[in-house]
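Spelled out from the first residue to the last, the chains are:
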Amino acid sequence: MQKVIYPGSFDPLTFGHLDIIERLSRQFDEVVVLISWSSQKKYILDIIERKTAVTKVCQKFSNVRVDAFEGLLVEYVKKNNINMIAKGLRNARDYEYEMTMDHMNKTLFPDVETLYLISRPELSFISSTLVKEIASLGGDLKKFVPSEVEAYIKKKDKK
Ligand code: PNS
């Protein structure tokens, strides 16, 4: 049974993330999409809201499970006996950021391996950070995020 963890902030989940999830679901028996926390990010949706939104979008994949975790990724990996992490790479900036995290994770837990999937060119410009900016200025999100996620952000705006 080949399992993989796809961790991220998913604030919000975009079509770029969804493409990586779909590709992983074709290659692995089980995919755990892990809603995680990064000290470098400011969130619009809390961890439970993100988990709910991502779970709705991932219902169509029978081998994809969504979980949320506030702690070290390597601790989750160890506890759940999954030593393969997957990440998407859009550009050289992602590569540099991911390489540093990879070194940190490997130093903390040498058994962990990370697999990098290059984003599709037509999706590689989409970023959660810019989606948040567009959302805060009332722009249309349809081309960047699934409708379930868009609805969630709109609901949040009205609160
Ligand atoms: O979508 P993001 O924000 O690029 O995802 C980054 C994330 C959440 C995968 C990363 O920050 C992470 O693994 N966070 C969990 C806490 C942790 O292990 N931090 C040390 C990373 S070296």
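Right, let's walk through the structure included here. Computed from a predicted structure; not experimentally measured.

Enumeration according to the criterion identifies 13 salt bridges in this entry. Its salt-bridge partner being Lys78, residue Glu75 comes within 3.6 Å of it at the nearest N-O pair. Of this pair, Glu75 and Lys78 both sit in helix H3 (residues 73-79), three residues apart, roughly one helical turn. The partner of Lys106 in a salt bridge is Asp102, with the nearest N and O atoms 3.2 Å apart. Of the two residues, Lys106 and Asp102 both sit in helix H4 (residues 92-108), four residues apart, roughly one turn of that helix. Residue classification places Lys106 among the partly exposed residues on the basis of a relative accessible area of 30%. Here the residues in one salt-bridge network are Asp140, Lys142, Glu150 and Lys154, joined through shared partners.

With respect to the helices, strands and loops of the structure, Thr100 is situated in helix H4. Look at Thr100 and you get partly exposed, because its relative accessible area is 46%. Between the C-alpha atom of Thr100 and that of Phe61, which follows or precedes it by 39 residues, the distance is 31 Å. At 3.1 Å, the side chain of Thr100 forms a polar contact with the backbone oxygen of Glu96.

Analysis parameters
- Residues numbered from 1 in each chain as written.
- Predicted model: local features only at pLDDT ≥ 70, side-chain atom pairs only at ≥ 80, totals over all residues.
- Heavy atoms only, no water.
- Salt bridge = Lys/Arg side-chain N within 4 Å of Asp/Glu carboxyl O.
- Helix = DSSP H or I, 4+ residues; strand = E, 2+ residues; numbered from the N terminus.
- Buried < 20%, exposed > 50% of the residue type's maximum accessible area, 1.4 Å probe, protein only.
- Polar contact = N/O pair within 3.5 Å; in protein donor to acceptor, adjacent residues only side chain to side chain.

That is the geometry; function is a separate question.
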